Amino acid sequence: MRSILITGGGGFIGSNFILYFLQKYPHYRLINVDSLTYAGDLENLQGVEHYENYIFIKGDICDKDFIENIFTHYAIDFVIHFAAQSHVDNSIKNPSAFIETNINGTFNLLHTAYLSWFETPNKPKKDKEHCIFHHISTDEVFGSLGESGYFSESTPYAPNSPYSASKASSDMLVRSYHHTYGLKTFITNCSNNYGPKQHDEKLIPTIIRNALAGKGIPIYGDGHNIRDWLFVEDHCRAIDAVFHSCYFGESFNIGGNCERTNLEIATQICSILDSTAPKANGESYQNQITFVQDRAGHDRRYAIDSSKIQKMLGWKPEENFESGLEKTLKWYFQKYKV
Ligand SMILES: NC(=O)c1ccc[n+]([C@@H]2O[C@H](COP(=O)([O-])OP(=O)(O)OC[C@H]3O[C@@H](n4cnc5c(N)ncnc54)[C@H](O)[C@@H]3O)[C@@H](O)[C@H]2O)c1
């Protein structure tokens, strides 16, 4: 049985991915390593107890001895690396945690993988030729777009926040381990995800939670910052398609072709809540929308050209924004006990 080290599997995307992957591929053993920061929660992994091929180990990807032990003890064949500090606002307040986990942590994983899988550069150990390192990254590495255009795989990197700069740096390290040492790598750069299990601090959970609590729904600046939204399970399917491909050393952009302003997102959620959980006083939730001081260095627009993964691997999103949002709201209704 091949062993996959999943990092950050207690977080939003990692936990959705683990449940998706366990169901689909019983022949892999998944070793989930997560330090359970404020963003990680084992509650996100309810259901994994049914799987004998799943193991959770609490630990930090920056801890060299710990990661070496994991590689040796579990004979790791593949890495799918989700663990990161992921919230832009936090990276503005406390950038050092982002440098530590996103850059040094990724380096530690890459170098341990290299030492564990290779004799010397470009000479894999016997029976380790199949090993793969898949790095999960973001479209934010490309910076900000004007009113037109899309990020493609050849768009130059121009990260603007400490978060995106740390992710861009980690992408560069992954690239270098392919080119210098011959590691079989993939990088996937995905747009904004939404769906069940996303941490409360992120935009869509904040809108839902504050709306239902009768609080102000905070929207940065003029609310016209645009993101390209993708339902988390579609991201999981895209990772699956890339991971099982043979395009080593390549990167793939993943997006939902679903551009929305933050204000449109808030308005749409409020209007769904108006019909599914109407307020006793008959007022619309939209009256709670409150514009707050803009985030420092706030990127204006992200939009992804995902034609490469569509053409080369036949992936495309299965959810549209309406169906994805319905599933998301259903999950948060349960969480917030509506
Ligand atoms: N959420 C998005 O919209 C989005 C979009 C594109 C790419 N990504 C990328 O996908 C990955 C996962 O994002 P997410 O939204 O699930 O993040 P998340 O913040 O929900 O989860 C991150 C997980 O990593 C763990 N972690 C953090 N530091 C760690 C460390 N030093 N050692 C071990 N574990 C650690 C946390 O405990 C948490 O469980 C990240 O690499 C992120 O950059 C996210």
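These figures come from a predicted structure and were not determined experimentally.

Summarise the overall build of the protein chain; cite the residues concerned and give the values.
The helix and strand inventory of the protein chain stands at 10 helices and 14 strands. In terms of overall dimensions, the protein chain is globule-like: its C-alpha atoms have a radius of gyration of 20 Å, near the 20 Å expected for 338 residues. When each of the 338 residues of the protein chain is scored for burial, the buried share is 55%. Across the protein chain, contacts joining residues at least 24 apart in sequence account for 80% of those joining residues at least 6 apart. For the protein chain, the exposed area adds up to about 14,600 Å²; of that, 50% sits on carbon and sulfur atoms. Side-chain charges in the protein chain split into 31 positive and 39 negative, and the spacing between the mean points of these groups amounts to 3 Å.

How would you sum up the packing of helix α6 (residues 203–212) against helix α10 (residues 321–335)? Please name residues and give values.
In a pair of packed helices, the angle between the axes and the distance between the axes together describe the arrangement. Their axes nearest at 11 Å, the elements α6 and α10 cross at an angle of 50°. Considering the angle they form, α6 stands oblique to α10. Judged by the sense of rotation from one axis to the other, the crossing of α6 with α10 is right-handed. On α10, the residues that touch I204, P205, I208 and L212 of α6 are T328, L329, Y332 and F333. Residues that form the contact of α6 with α10 fall into these classes: 7 nonpolar, 1 polar and no charged.

Just give me the short version of the side chain of T206, but keep the residues and values in it.
Here T206 shows up in helix α6. With residues near it in sequence (within four places) discarded, T206 still touches D200, E201, A211 and P218.

Any chance you could break down the pattern of salt bridges for me, citing the residues and the numbers?
If you walk through the whole model with that rule in mind, you get 13 salt bridges. D222 is the partner of R300 in a salt bridge, and the nearest nitrogen-oxygen pair spans 2.9 Å. Residue R300 is located in the loop between β14 (289–292) and α9 (307–313), and its partner D222 is located in the loop between β10 (217–220) and β11 (226–231); the two are separated by 78 residues in the primary sequence. The partly exposed category is assigned to R300, whose relative accessible area is 38%. Here E319 ties to K327 by a salt bridge, and the two come within 2.4 Å at their closest N and O atoms. Exposure remark for K327: the relative accessible area of 40% places this residue in the partly exposed category.

How would you explain the pairing of strand β8 (residues 184–190) if you had to name every residue and give the values?
Among the 7 residues of β8, 6 are classified as buried, and the element is accordingly described as predominantly covered. Note that the unit made of strand β7 (residues 132–138), helix α5 (residues 162–181) and β8 has a crossover that is right-handed. Looking at chain direction, β8 and strand β12 (residues 250–254) are connected through 5 bridges and run parallel. Counted as the bridge partner of F186 is E250 from β12.

Give me the lowdown on unusual backbone geometry, citing residues and values where you can.
Excluding glycine, most residues fall at negative phi; most peptide bonds, likewise, are trans. In this model, K197 sits at a positive phi of 80°, which is unusual for a non-glycine residue. Following the sequence through the fold, K197 ends up in the loop between β9 (192–194) and α6. Assessed through its relative accessible area of 15%, K197 is described here as buried. Non-glycine residue N257 carries a positive phi angle of around 50°. As for its placement among the helices and strands, N257 is situated in the loop between β12 and β13 (259–261). On the basis of relative accessibility, which here comes to 67%, the residue N257 falls in the exposed class.

Account for the environment of V232, with residues named and values stated.
With respect to the helices, strands and loops of the structure, V232 is situated in helix α7 (residues 232–243). Its relative accessible area of 0% is what places V232 among the buried residues. On a C-alpha basis, the gap between V232 and N192 in space is 8.9 Å, while along the polypeptide they are 40 residues apart. Those residues in contact with V232 that lie beyond four places of it in its chain are F12, I13, N16, N193, Y194, G195 and P196.

Outline the sheet that holds β13, supporting the account with residue identities and numerical values.
Ordered by their spatial adjacency, 3 strands build an open sheet running β9-β11-β13, and the pairing between neighbours is mixed. The sheet terminates laterally at β9 and β13, the two strands that pair on one side only. Put simply, the sheet's adjacent strands are angled 50° from each other on average, direction ignored. Sheet analysis places β11 next to β13, joined by 3 bridges and oriented antiparallel. Across the sheet, the residue bridging to D228 is E259, located in β13. The strands touched by helix α8 (residues 262–276) within the sheet are β11 and β13, with β13 carrying the most contacts at an inclination of about 85°.

Reading the values: rules and limits
Residues numbered from 1 in each chain as written. Predicted model: local features only at pLDDT ≥ 70, side-chain atom pairs only at ≥ 80, totals over all residues. Heavy atoms only, no water. Helix = DSSP H or I, 4+ residues; strand = E, 2+ residues; numbered from the N terminus. Rg over C-alpha atoms; globule rule 2.2 N^0.38 Å. Buried < 20%, exposed > 50% of the residue type's maximum accessible area, 1.4 Å probe, protein only. Contact = heavy atoms within 4.5 Å. Areas by Shrake-Rupley, 256 points an atom, 1.4 Å probe, with all protein chains shown as cover. Lys, Arg positive; Asp, Glu negative; His and termini not counted. Charge placed at Lys NZ, Arg CZ, Asp CG, Glu CD. Axes fitted to C-alpha atoms, helices over the stretch in contact; angles between N-to-C directions. Parallel < 35°, antiparallel > 145°, perpendicular 65-115°, else oblique. Left-handed = near helix turned anticlockwise from the far one by under 90°. Nonpolar A, V, L, I, M, F, W, Y, C, P; charged D, E, K, R; others polar. Salt bridge = Lys/Arg side-chain N within 4 Å of Asp/Glu carboxyl O. Right-handed = clockwise from strand over helix to strand, strands pointing away. Pairing = 2+ DSSP bridges.

Purely geometric stuff here, so don't read any function into it on its own.
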